[in-house]
Amino acid sequence: MKNILTLILVFFLANYTLAQKLNKEYDALMSEVYKEDGPGAVALVVQKGKVLYRRAFGMANLELGVKMKPENVFRIGSITKQFTASAILRLRDEGKLRLDDDITKYISKYPTHGHAISIEHLLTHTSGIRSYTEMKEWDAEVQKKDFTPTELIAFFKNQPMDFKPGEEFHYNNSAYFILGYIIEVVSGKSYEEYIDSVFFKPLKMTNSYYDSSSRIIKNRAYGYNKNEDDYMNQDFLNMTQPYAAGSLLSSVDDLYKWYSAVMNDEVISETSRKEAHTPHLLNDGQKTGYGYGWFIGNIQGSKMIEHGGGINGYLTSSIYLPDDDVFVAVFTNCTCDDPDKIAKKIAAITIGKPYEWKKMKVDEDLLTEYEAVYKSENGEQRIITLKNSQLYSMRSGVNKFEIYPFEKDKFFFQSDADGVSTLHFVRASNNEIISVISKSTGYDIEWKRTKEPIPTLEKIDLDDSITNKYVGKYELASNFMLSIFKEKDQIFIQATGQNRIEIIPFEENKFRLVDVDAKLTFNMDENGIVTSLTLHQEGDSEAKKIE
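What comes next is a walk through the structure.

1. Side note on the sheet that holds strand 1 (residues 41–47)
Argument step 1. Strands sit in the order 2-1-13-12-11-10 across an open sheet of 6 strands; the sheet is antiparallel. Either end of the sheet is taken by a strand with one partner, and the two such strands are strand 2 (50–57) and strand 10 (295–299). Averaged over all pairs of adjacent strands, the angle between strand axes in this sheet comes to 15 degrees, irrespective of strand direction.
Argument step 2. Where strand 1 lies against strand 2, 7 bridges are found, and the strand directions are antiparallel. From the neighbouring strand, leucine 44 faces strand 2, where its bridge partner is arginine 54.
Argument step 3. Contacts from helix 7 (residues 252–263) reach strand 1, strand 2, strand 11 (302–311), strand 12 (314–321) and strand 13 (326–332) within the one sheet, and its direction differs from that of strand 13 by about 145 degrees.

2. Thoughts on the sheet that holds strand 5 (residues 74–75)
Argument step 1. One open sheet accounts for 3 strands, arranged 5-9-6; its pairing is antiparallel. Where the open sheet ends on each side, the last strands, each with one partner, are strand 5 and strand 6 (209–210).
Argument step 2. Pairing of strand 6 with strand 9 (residues 248–250) involves 2 bridges; the strand directions are antiparallel. Within strand 9, the position partnered with tyrosine 210 by the bridge is leucine 248.

3. Comments concerning the state of the cysteines
Argument step 1. One pass over the full model with this rule turns up 1 disulfide.
Argument step 2. The residue that forms a disulfide with cysteine 334 is cysteine 336, at a sulfur-sulfur distance of 2.2 Å. Handedness here is read from the sign of the S-S torsion; for cysteine 334 and cysteine 336, about 135 degrees, the answer is right-handed.
Argument step 3. On the accessibility criterion, cysteine 336 (26% relative accessible area) is partly exposed.

4. Remarks on the packing of aromatic side chains
Here a ring pair, both rings aromatic, is described through the centre-centre distance and the interplanar angle of the planes.
Argument step 1. Tallying each qualifying case throughout the model produces 36 aromatic pairs.
Argument step 2. Residues phenylalanine 169 and tyrosine 290 carry aromatic rings whose centres are separated by 5.8 Å and whose planes lie at 45 degrees to one another, so their mutual orientation is tilted. In this pair, phenylalanine 169 is assigned in the loop between helix 4 (149–156) and helix 5 (173–187) and tyrosine 290 in the loop between helix 8 (270–276) and strand 10, connecting sequence segments 121 residues apart.
Argument step 3. Looking at phenylalanine 169, the relative accessible area reads 27%, which means it is partly exposed.
Argument step 4. Take tyrosine 290: its relative accessible area is 0%, and that puts it in the buried class.
Argument step 5. With 4.9 Å between their ring centres and 35 degrees between their planes, tryptophan 357 and phenylalanine 406 make a pair best called tilted.

5. Describing the pattern of salt bridges
Once their charged atoms are close, side chains differing in charge can pair, the charge on each being opposite to the other.
Argument step 1. For the coordinates displayed, the defined rule picks out 33 salt bridges.
Argument step 2. A salt bridge links lysine 21 to glutamate 25; its shortest N-O distance comes to 2.6 Å. With a gap of 4 residues between them, lysine 21 and glutamate 25 both fall in helix 1 (residues 2–33), about one helical turn apart.
Argument step 3. Close ionic contact of glutamate 507 with lysine 510 constitutes a salt bridge, the shortest N to O distance being 4.0 Å.
Argument step 4. Residue classification places glutamate 507 among the partly exposed residues on the basis of a relative accessible area of 37%.
Argument step 5. Assessed through its relative accessible area of 28%, lysine 510 is described here as partly exposed.

6. Details of the packing of helix 2 (residues 80–93) against helix 6 (residues 191–200)
Argument step 1. In the contact formed by helix 2 and helix 6, the axes pass within 11 Å of each other and the chain directions differ by 80 degrees. One finds that helix 2 runs roughly perpendicular with respect to helix 6. Residues Thr80, Phe83, Thr84, Ser86, Ala87, Arg90 and Leu91 of helix 2 pack against Tyr191, Tyr194, Ile195, Val198, Phe199 and Phe200 of helix 6.
Argument step 2. For the contact of helix 2 with helix 6, the per-class residue count stands at 9 nonpolar, 3 polar and 1 charged.

7. Considerations on unusual backbone geometry
Argument step 1. Non-glycine residue lysine 48 carries a positive phi angle of around 50 degrees.
Argument step 2. Looking at where lysine 48 falls in the secondary structure, it is placed in the loop between strand 1 and strand 2.
Argument step 3. When its relative accessible area of 65% is taken as the criterion, lysine 48 is described as exposed.
Argument step 4. Of note, the phi angle at aspartate 409 is positive, near 65 degrees, even though the residue is not glycine.
Argument step 5. As for its position among the elements, aspartate 409 is in the loop between strand 17 (400–407) and strand 18 (410–413).
Argument step 6. Residue classification places aspartate 409 among the buried positions, given a relative accessible area of 10%.

Conventions adopted
- Residues numbered from 1 in each chain as written.
- Predicted model: local features only at pLDDT ≥ 70, side-chain atom pairs only at ≥ 80, totals over all residues.
- Heavy atoms only, no water.
- Pairing = 2+ DSSP bridges.
- Helix = DSSP H or I, 4+ residues; strand = E, 2+ residues; numbered from the N terminus.
- Axes fitted to C-alpha atoms, helices over the stretch in contact; angles between N-to-C directions.
- Contact = heavy atoms within 4.5 Å.
- Disulfide = S-S within 2.5 Å.
- Buried < 20%, exposed > 50% of the residue type's maximum accessible area, 1.4 Å probe, protein only.
- Phe/Tyr/Trp six-rings, centres within 6.5 Å; stacked < 30°, edge-to-face > 60°.
- Salt bridge = Lys/Arg side-chain N within 4 Å of Asp/Glu carboxyl O.
- Parallel < 35°, antiparallel > 145°, perpendicular 65-115°, else oblique.
- Nonpolar A, V, L, I, M, F, W, Y, C, P; charged D, E, K, R; others polar.

This is the structure we're talking about:
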């Protein structure tokens, strides 16, 4: 008996010590970002039904000095899409619709521009329909208005198609808005009524709601934005507009109830769940990394099902690792500190596969071997350059980042923006580098080495009388500004809440961003007055000059 008690005590102490170690690591990640006197966050970690960590940081209301607590309720933004997709799949399970149904079956006069657009195209963000949240017309004034579902569909439906259905993946709020309306047509209930009666109430999700700015919601955390160094109350958004794409509220505890029910096939059938959690393929067979309402990825090789949300005043992240039965959620009441990377690092720590890279020393002669232009299957570039003994990687449309070796031919990103990604260079039998594989929390992408020369920045000289015209503030989106300013002989751009970046002219009104794959064009009227700028970065976005 004594030996048995000793073994039990040893086992208990070992588990207690491990729990303490995990809690310290979780605390370190959370407290580094979410400070006591700033907007806060709540984190929940559950493994095999056991709560490992449940803690709140910072403030739920800055003006009233109310501290955050684990029970707080947040806007969950695009995590709403899980509920919308599950509602569609449940109706399919009940034989009330088909995923290959054309959307005109439910919206008879929807202009499809001669294309067949199916419910599945909407679920997988492959419809080609223009997302209303990317329309210039969706400005701060429009965002204050009440819309019925049919009114908002009318707001965006006549926009041109971005691509043919099934040809590309492009994250799309219009698609999920339309899905919400289809749920109403098929079920005979409003979207809010359907989600509440079919999901929230049966699953006892008592702290989950369709959001309303006027309704009193117990434990609601107030939302904030950040403008440079100052916190600001969230910009107003009428919650009739995010609708089935992002209008739900929940707590981390309720979201765990949801994930648990989904994975136990209490929400949709096993067949539907497996389909929802399988990456969709484009027409050409290329993976999208998205199923029906969930992104599909991995944490250090362990399968991951996840979705985050970003909406006025709030950012959220939710993760489930099916092979390890681990759930992680991190919700914050400010758009200033994205919880996604923190949640993924917490998940990695929980399964004993932390993202911990140790820099190794490599001779500069070896580093020069990696310099080249690499291209992925879809034509995206990744440029590897060497400067002052430091290796850099720059992908199409993204900033340049420092990379450091941790094993032979393997590099990690030191930057906060890419802390869970690595690059693995591949050599042929003759030892020449032929490609690089980018590994992150999504699917692996191979980039083939090309013989193209590494592009260089060519600068032209411009008189102050020309560059002075460009100085000012440009509104890219509601309360999101691009500031153009000069210091001595340099010109810079700085986006709201971001670091400044030098810009270099290559034509009189055209500039390249230093260490970022992006360009600017300054637009003028017939009198030579600068009226706007166009940012060329994974598409074109125009920003009106307001100051």
